[in-house]
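The lines below spell out each chain.
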Amino acid sequence: HCKTIHFIRHAEATSNKAAHGLAKGSKERNDAYDDPRWFDARLSEEGEKQCVPLLKKCEDLSYQLVVVSPLTRALQTAQTALGQIPRATPATMSRA
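Computed from a predicted structure; not experimentally measured. (Residues numbered from 1 in each chain as written. Predicted model: local features only at pLDDT ≥ 70, side-chain atom pairs only at ≥ 80, totals over all residues. Heavy atoms only, no water.)

## Considerations on the overall build of the protein chain
And step 1. Tallying secondary structure elements over the protein chain gives 4 helices and 0 strands in all.
And step 2. Secondary structure elements in the protein chain, listed N-terminal to C-terminal, are α-α-α-α.
And step 3. Counting only residues that meet the buried cut, the protein chain has 28% of its 96 residues in that class.
And step 4. Of the roughly 8,000 Å² of accessible surface on the protein chain, a fraction of 55% belongs to carbon and sulfur atoms. (Helix = DSSP H or I, 4+ residues; strand = E, 2+ residues; numbered from the N terminus. Buried < 20%, exposed > 50% of the residue type's maximum accessible area, 1.4 Å probe, protein only. Areas by Shrake-Rupley, 256 points an atom, 1.4 Å probe, with all protein chains shown as cover.)

Below is the structure:
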């Protein structure tokens, strides 16, 4: 019995927007992504708009399991695309 797996990247976050004005590969752009202020960035206004067509694509999607990063931008994208997602205990991993 086969399963289908769908991968969705988060929509534009405020961190992406902050770095867009900087040259790709530049130290300044890399520094912008490394800035702790942007670690758990929310979706930008553009990111929220990007979720609208995603919602339309996902409205007839049936699913049994949703695995989402605990970062705000990923949670916002998933909630917008899939609606209210039942909460479960976050999984944690440790290395031996």
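## Observations regarding the pattern of salt bridges
And step 1. In total, this model carries 1 salt bridge according to the counting rule given.
And step 2. Between Asp 31 and Lys 27 there is a salt bridge whose closest N-O contact spans 2.8 Å. Taken as a pair, Asp 31 and Lys 27 lie in helix α2 (residues 27-34) at a separation of 4 residues, close to a single helical turn.
And step 3. Exposure remark for Asp 31: the relative accessible area of 37% places this residue in the partly exposed category.
And step 4. What makes Lys 27 exposed here is its relative accessible area of 57%. (Salt bridge = Lys/Arg side-chain N within 4 Å of Asp/Glu carboxyl O.)

## Quick word on the side chain of Ser 15
And step 1. Its place among the elements puts Ser 15 in helix α1 (residues 14-20).
And step 2. If sequence neighbours within four positions are ignored, Ser 15 has contacts with Tyr 33, Trp 38 and Ala 41. (Contact = heavy atoms within 4.5 Å.)

## As for helix α4 (residues 72-82)
And step 1. Counting buried residues along α4, 8 of its 11 residues qualify, which places the element largely inside the surrounding structure.
And step 2. The complete set of buried residues in α4 reads Thr 72, Arg 73, Ala 74, Gln 76, Thr 77, Ala 78, Ala 81 and Leu 82.
And step 3. Buried residues along α4 sit against α3 (45-58).
And step 4. Residue Gly 83 follows α4 closely and has a positive phi angle near 80°.

## Focus: the confidence of the model for the protein chain
And step 1. Across the protein chain, the average pLDDT comes to 82, with 86% of residues at 70 or higher.
And step 2. When pLDDT is averaged over each helix and strand of the protein chain, the minimum, 82, is found for α2 and the maximum, 89, for α3. (pLDDT = per-residue confidence, 0-100.)

## Describing the packing of α3 against α4
And step 1. Viewed as axis vectors pointing N to C, α3 and α4 meet at an angle of 50°, and their least axial separation amounts to 7 Å. Judged by the angle between their axes, α3 and α4 are oblique. Listed contacts from α4 to Cys 51, Leu 54, Leu 55 and Cys 58 of α3 are Thr 77, Thr 80, Ala 81 and Leu 82.
And step 2. Here the contact of α3 with α4 is built from residues that sort into 6 nonpolar, 2 polar and no charged. (Axes fitted to C-alpha atoms, helices over the stretch in contact; angles between N-to-C directions. Parallel < 35°, antiparallel > 145°, perpendicular 65-115°, else oblique. Nonpolar A, V, L, I, M, F, W, Y, C, P; charged D, E, K, R; others polar.)

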